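# Observations on chain architecture
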Number of protein chains: 2
Amino acid sequence: MGDWQEITGGVTAARGYRAAGITAGLKPSGLPDLALILSDVDAIAAGVFTTSHVKAACVDYCRQHLQAKHSARAILCNAGQANAATGSQGVKDTLESADLLAKELGISPEAILLASTGVIGQRIKMDILRSGIPKVVAALSETGSDAAAGAIITTDLVKKSIALETTIGERPVRIGGIAKGSGMIHPNMATMLAFVTCDAAVSSSLWQQMLTRAADRSFNSITVDGDTSTNDSLIALANGQSRTPAITEMGPEAEKLEAMLTAVCQHLAKAIARDGEGATCLVEVQVSGANDEAAARQIAKTIAGSSLVKSAIFGRDPNWGRIAGAAGRAGVPFEQDNLQIKLGDFLLFENGQPLPFDKAAASAYLKQIAAESSLPKDFVATNNSNDLSVDRSMIQPQRVDNPVIISVSVGNGHGTGKAWGCDLSYDYVKINAEYTT
Amino acid sequence: MGDWQEITGGVTAARGYRAAGITAGLKPSGLPDLALILSDVDAIAAGVFTTSHVKAACVDYCRQHLQAKHSARAILCNAGQANAATGSQGVKDTLESADLLAKELGISPEAILLASTGVIGQRIKMDILRSGIPKVVAALSETGSDAAAGAIITTDLVKKSIALETTIGERPVRIGGIAKGSGMIHPNMATMLAFVTCDAAVSSSLWQQMLTRAADRSFNSITVDGDTSTNDSLIALANGQSRTPAITEMGPEAEKLEAMLTAVCQHLAKAIARDGEGATCLVEVQVSGANDEAAARQIAKTIAGSSLVKSAIFGRDPNWGRIAGAAGRAGVPFEQDNLQIKLGDFLLFENGQPLPFDKAAASAYLKQIAAESSLPKDFVATNNSNDLSVDRSMIQPQRVDNPVIISVSVGNGHGTGKAWGCDLSYDYVKINAEYTT
C-alpha cells in the first residue's frame, strides 16, 4: 500500500494531543456520550460539513469559525441530542457550550470547535453538559482516543479508529482519526462524524485543500442509504508537533502527507459503510476508463448506492444486469459497447454484451466474502453505546480489508474512482421501520 | 378535479384504435406476452425514453424513428426478453420485428414503434415472435385494450389502465393509456412502459412538448427504488379521429388537452408507484413555496425516494426528522427557518422547529391509509403474468386514490410540485434478494 505503517493510538497517536470520552448522562442508555480532543498548542484546522440545507447549530458554528480563523485547540462532541432544527435556542446552546469549555480549559472560545450527534429536534441537555464539561476535561489523557471513539458513537455496532505513521524529513509524522456513523438506525438519529489529528506543520489553505480532496475520495464516496444528515462533520487538526519542516505548497512531501491523510479518511469511511445498518459485508466499486476522476466516482457511487445492486449482493446473486443498469443511469455518458463488468475475478460483461460465466462460483465468492466479513466474537467492541434495544448478540466485529469487489470499465479514459457501500438486508428495513415513535 | 370524466376502454377508448394481447410463448410462464396497438390512420407520435446510457435496441430504434418522422400507426410490445445489452444482433432483431409486423399489417415498417420488457441481456426469441405476429394481428379488436394491458406486464401485481374524455369544440375527445412497471422484481427484469392513445388532432411539435411536460409531472416524478431501466418508454399517439379542429399552438383547448394527457399519465404513474415491490401504500409528497416547479419537484422526489422516509412510513412512524433531512439534501437551497412539514392533517414542523403533535393519532393515520390501500379480493386482476413463484395470495388490488400525503413548504415562492412513491417493506428486500441466479 502506501509509504506508511499502521500504529496504535487513534487521535492521540500524533504528538501533542490528548483526548477523553466520558458518560455525562446525555444518552438515556447511560453509555459514554461526551468526547473531547485537545491539542497542546494551536493547530491548523480544516473542515468539511454537511451539504444539507437543514443543519445543526454546531455545523453553522464551525463553518463560520473556520472561515474566520483557520486554527483551533479543541473539538468537543456530544452524543444523544443532535441540536439540529432547534432554532435560535440551539444556537445559544452552542455558544454557551464553547464558552463553558473555554473557561474550563483556560483558552479562548474561538479556539473551540463543536459537533453533536443524536436526535434531530432535541436541544442538548445543557444542565448535564454543564456538569459534564469539567469531568471530560479532567479525563483528558495521551491514551484517551479509545474512550473518545466510544463516546461519539450512537447506533454504531463498533468503534472506528485508525492511526498511520510515515517519515518526512527523516522525522516521524503521524495522522490519527476516529469516526462514527452507520446510517440512521434510530428515528431522527443520524450523522457521520470524523475527527482527524496530525502532527505535521502545514499551511492552513493547503491543509483545507488536502482535506477536501481526501473527503471526496473517502467520506463523500460512501453510501449506506443515500441520506445525508443534518450534522455530518469532518474536522482535521495539524499542530506541527512533529517538528518537521512546514509544508506550504504541493510537492513530494505534501503528496506524501495527503496520501496518508486520504488513507486515514478511507479507512474510517469504509468502517462506516461496513457498519451500515443490517449490512453483512463491505462493497467496493472500482470504476476505470472514464474521462476524469469525478465521472468515475459518480458511476461508482451510483452502483454502490443502487438498492437493486445492494439487494442482489445480500442475495449472493452475481447480477450484472443491475450493475449495468446502475452504471447507465449515473448521469455520465459512455458507449455501452465499451462497458466491462467484473465481480471479484469473474468477468461478467464485455463489449456491451453478457459473457458466459460460472454463476455458482460467482455466488460462492459473494457468500465467502460475507462469511469472512465478521471477525471472531472476542474482537467485539465492548463500548457500544447503542440507545436502542438492539439484540446485543447481533454485534459482530467487522472486517474492512476484504470487501466484495465490483470493477467496471466504461471506456479508454484515464479517470478512475472508487466508492464503498454495503448490502441491503432485511435488517435494514427492520431497524428503520420497527421502531415507531 | 379536471374538466373531464373517466370512461372505460383504455387505449381503445379513443376513436380509431384497436389493440390486442396474446400468449405468443415468449414468457416461460405461459402468460400473455405480446401486445399490439394499431391506429386506423397515421397518428402523430411522440415519445419519452430512458435517460440511461445502457439501453435496449428498441429504445434507440424508436428515438431515431421519432426524430426522423413524427408519426406512426402501430406499437408492438413484447414481454419476456428486454433485448437490452444484446449488441448488434439485438439491433437486427428489432429491425426484423418491424419488417415482419409491417408485412402482416400491409403498412410501411416506418409506421411501427417497438418496445420490449423482460430479462436484460436476452435477445427476443425470434422464432416465437415470428409465429406470434400473425396471431396478435388477427386478435386486434376495438375492445382489446385489457388484453394488451395484460400482455405488457411482467412482475406487476395488477394491470394499469385508464381512459378520460373531455369536449373540444363541442365534440368528445378521448385519451386512454396502459402501463407496466413495479420496480425490478426479477433479476435483470426491469422497465416502466406506458402507451397512450388520443383521438384529438394536434401538431407533432406541440404533442411532443405536451408529452414531455406530462412525463415530468408523472412518470418522472415517481420512484420505487431509484433505479432507471434500460427500456423505459412512454409513447403517445394522436390520430385526429375525434374530428375536432387541429390544435397547433398553446391556448385554452391545448391546455385542456394537455391537462387531460397529464391526468392520464399521472394515474398510470401512481399505479406504478403503488405497485412498487412489497409496497403497502402509495405516498404523495406535495411541495410548495419553492422558486419554481422544478425545484419543488426535486425536493418532492428526494423525500419520496428516501429509504429512511419510506421505512418510517412502513413502520407507521410520523418521523418528521427524516422528512426534514431528505428535504435538506435535495440540492435545492432554502431557509430552514421557513420549513413546514405536514403529514396528512398533522402539522409536525413549522418555522424551522418541531411542534408538539399527537403521535399516536398521526401513526393511526398511516395505519388507516395502509389498511385502506388494498381493495377487496374480488377486484384482483386475474391476468397477472408474473414469471416468478410469487405467492399468489399476496396479490391485492390496489387503490391509488387515497395516498399517504406528506406536505412540505420551503418558503414563499410560487413553485409547487408533487412526487409519488411507496413505502419500503421487508418484502422489497425479500423479492430482490432471495431469488438468486
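Predicted model, so just to flag it, every value in this text is computed and none were measured.

Regarding its fold elements, chain A presents eleven helices and 15 strands. Taking the intrachain contacts of chain A between residues at least 6 apart in sequence as the baseline, contacts between residues at least 24 apart amount to 80%. Accessible surface, chain A: about 15200 Å² in total, of which carbon and sulfur atoms supply 49%.

The next point concerns the sheet that holds strand 12 (residues 346-350) of chain A. All names here are of chain A. If you trace the six strands from one edge of the open sheet to the other, you get 13-12-11-14-10-15, paired in mixed fashion. Unpaired on one side and paired on the other, strand 13 (353-354) and strand 15 (415-422) mark the two borders of the sheet. Taken together, the three bridges between strand 11 (residues 340-343) and strand 12 define a ladder with antiparallel strand orientation. Across the sheet, residue Leu343 finds its bridge partner in strand 12, namely Phe346.

So, on to the pairing of strand 8 (residues 193-198) of chain A. Residue and element names in this part refer to chain A. Summarising burial for strand 8: six of the six residues are buried, a large majority. What you see with strand 8 is no split at all: Leu193, Phe195 and Thr197 on one side and Ala194, Val196 and Cys198 on the other are buried throughout. As judged from the six bridges shared by strand 8 and strand 9 (residues 233-238), these two strands associate in the parallel manner. Within strand 9, the residue paired with Ala194 across the bridge is Leu234.

So, about helix 1 (residues 57-68) of chain A. Helical geometry note: an α-helix holds 3.6 residues per turn, so side chains three or four residues apart project in the same direction. Residues and elements named next belong to chain A. Between the first and last C-alpha of helix 1 there are 17 Å, a value that for twelve residues agrees with the 16 Å anticipated at 1.5 Å per step. Ala57, Cys58, Val59, Tyr61, Cys62, His65 and Leu66 are the residues of helix 1 that are buried. Those residues of helix 1 that are buried are in contact with strand 3 (34-49), strand 4 (71-81), helix 2 (87-105), strand 5 (112-119) and strand 9.

Residues and elements named next belong to chain B. An order of 13-12-11-14-10-15 is seen for the six strands of this open sheet, with the pairing classed as mixed. At either margin of the open sheet sits one strand with a lone partner, and together these are strand 13 (353-354) and strand 15 (415-422). Of the strand pairs in this sheet, strand 10 (residues 282-290) and strand 14 (residues 404-409) are connected by six bridges, and their pairing is parallel. In the sheet register, Val283 faces strand 14, and the bridge partner there is Val404. Helix-sheet contacts for helix 7 (residues 293-305) involve strand 10, strand 14 and strand 15, and the interaxial angle to strand 15 is about 25°. Strands strand 11 (340-343), strand 12 (346-350), strand 13 and strand 14 of the sheet are contacted by helix 9 (residues 320-328), whose axis makes an angle of about 130° with strand 11.

Quick look at the environment of Phe49 of chain B now. Residue and element names in this part refer to chain B. Its place among the elements puts Phe49 in strand 3 (residues 34-49). The class of Phe49 is buried, set by a relative accessible area of 11%. In contact with Phe49, other than residues within four places in its own chain, are Val59, Cys62, Arg63, Leu66, Asp232, Ser233 and Ile235.

Among all residues save glycine, negative phi is the norm, and among peptide bonds the norm is trans. Residue and element names in this part refer to chain A. For Asn83, which is not a glycine, the phi torsion comes out positive at approximately 55°. Tracing the sequence through the fold places Asn83 in the loop between strand 4 and helix 2. Backbone geometry places Arg316, a non-glycine residue, at a positive phi of 55°. Structurally, Arg316 is set in the loop between helix 8 (307-314) and helix 9 (320-328). Among the residues examined, Arg316 registers a relative accessible area of 13% and is labelled buried.

Bringing the confidence of the model for chain A into the picture now. Residues and elements named next belong to chain A. Averaged over all residues, the pLDDT of chain A is 88; the fraction at 70 or higher stands at 90%. Low pLDDT, under 50, characterises residues 184-189; the predicted model gives this stretch 43 contacts beyond four residues in sequence or across chains. Confidence drops under pLDDT 50 across residues 376-395; counting only partners more than four residues distant or on other chains, this segment forms 46 contacts. The ipTM value of the predicted complex is 0.75, and its pTM value is 0.82.

All names here are of chain A. The positions UniProt marks with the feature "active site" (unreviewed entry) are Thr191. Mapped onto the secondary structure, Thr191 falls in the loop between strand 7 (171-180) and strand 8. The contact partners of Thr191, leaving out residues within four places of it in the chain, are Ser116, Thr117, Lys180, Gly181, Ser229, Asn231 and Asp232.

This part is about the domain arrangement of chain A. A common way to express how large an interface is: the accessible area buried when the components associate. Assigned domains of chain A: these are domain 1 (5-273) and domain 2 (282-434). Computed from C-alpha coordinates alone, the two centres of domain 1 of chain A and domain 2 of chain A are separated by 28 Å.

The subject of this paragraph is the nonpolar core. Ranked by internal contacts, the top residues of the largest apolar core, which has 97 residues, are Ile303 and Ile406 of chain A together with Phe195 of chain B. It is strand 3 of chain B that contributes the most residues to this core, eight residues altogether. With sequence-adjacent residues up to four places away left out, Phe195 of chain B is seen in contact with Val11, Ile37, Ile75, Cys77, Ala115, Ile152, Gly176, Gly177, Ile178 and Ile235 of chain B.

On inspection of all chains with the given rule, the structure shows 34 salt bridges over all chains. A salt bridge links Asp93 of chain A to Arg123 of chain A; the nearest nitrogen and oxygen atoms lie 2.7 Å apart. Note that Asp93 of chain A is positioned in helix 2 and Arg123 of chain A in the loop between strand 5 and helix 3 (126-138), a separation of 30 residues in sequence. With a shortest N-O distance of 2.7 Å, Asp127 of chain B and Arg130 of chain B are connected by a salt bridge. Highlighted residues: Asp127 of chain B and Arg130 of chain B, both in helix 3 (residues 126-138), separated by three residues, approximately one helical turn. Here Asp127 of chain B falls in the exposed class, since its relative accessible area comes to 62%. Because the salt bridges share partners, they merge into one network encompassing Arg213, Arg217, Glu258, Glu293 and Arg297 of chain A.

Turning our eyes to something else, we now look at the packing of aromatic side chains. Residue and element names in this part refer to chain B. If you walk through the whole model with that rule in mind, you get four aromatic pairs over all chains. Consider the rings of Phe346 and Tyr365, whose centres lie 6.4 Å apart with planes at 55°: the pair is tilted. Here Phe346 is found in strand 12, whereas its partner Tyr365 is found in helix 10 (residues 359-372), with 19 residues between them in sequence. Look at Phe346 and you get partly exposed, because its relative accessible area is 22%.

Attention shifts here to the environment of Lys180 of chain A. Residue and element names in this part refer to chain A. Looking at where Lys180 falls in the secondary structure, it is placed in strand 7. A residue is classified by how much of its surface remains accessible, and Lys180, at 1% relative accessible area, is buried. Linking Lys180 and Phe195, residues 15 residues apart in sequence, is a C-alpha distance of 9.4 Å. Side chain to side chain, Lys180 and Thr154 meet in a polar contact 2.8 Å long.

Turning next to the environment of Phe349 of chain A. By secondary structure assignment, the location of Phe349 of chain A is in strand 12. The exposure class of Phe349 of chain A is buried, given its relative accessible area of 1%. For the pair formed by Phe349 of chain A and Leu36 of chain A, sequence separation is 313 residues and the distance between their alpha carbons is 50 Å. Not counting residues within four places of it along the chain, the set of residues in contact with Phe349 of chain A comprises Trp320, Leu339, Gln340, Ile341, Pro354 and Leu355 of chain A together with Ala85 of chain B.

Definitions and limits used
- Residues numbered from 1 in each chain as written.
- Chains lettered and ligands numbered in written order.
- Predicted model: local features only at pLDDT ≥ 70, side-chain atom pairs only at ≥ 80, totals over all residues.
- Heavy atoms only, no water.
- Helix = DSSP H or I, 4+ residues; strand = E, 2+ residues; numbered from the N terminus.
- Contact = heavy atoms within 4.5 Å.
- Areas by Shrake-Rupley, 256 points an atom, 1.4 Å probe, with all protein chains shown as cover.
- Pairing = 2+ DSSP bridges.
- Buried < 20%, exposed > 50% of the residue type's maximum accessible area, 1.4 Å probe, protein only.
- Expected span 1.5 Å × (residues − 1).
- Axes fitted to C-alpha atoms, helices over the stretch in contact; angles between N-to-C directions.
- pLDDT = per-residue confidence, 0-100.
- UniProt positions renumbered as here; feature names shortened; annotations may be inferred.
- Domains from an automatic or database assignment.
- Core = buried A, V, L, I, M, F, W, Y, C linked by side-chain atoms within 4.5 Å.
- Salt bridge = Lys/Arg side-chain N within 4 Å of Asp/Glu carboxyl O.
- Phe/Tyr/Trp six-rings, centres within 6.5 Å; stacked < 30°, edge-to-face > 60°.
- Polar contact = N/O pair within 3.5 Å; in protein donor to acceptor, adjacent residues only side chain to side chain.

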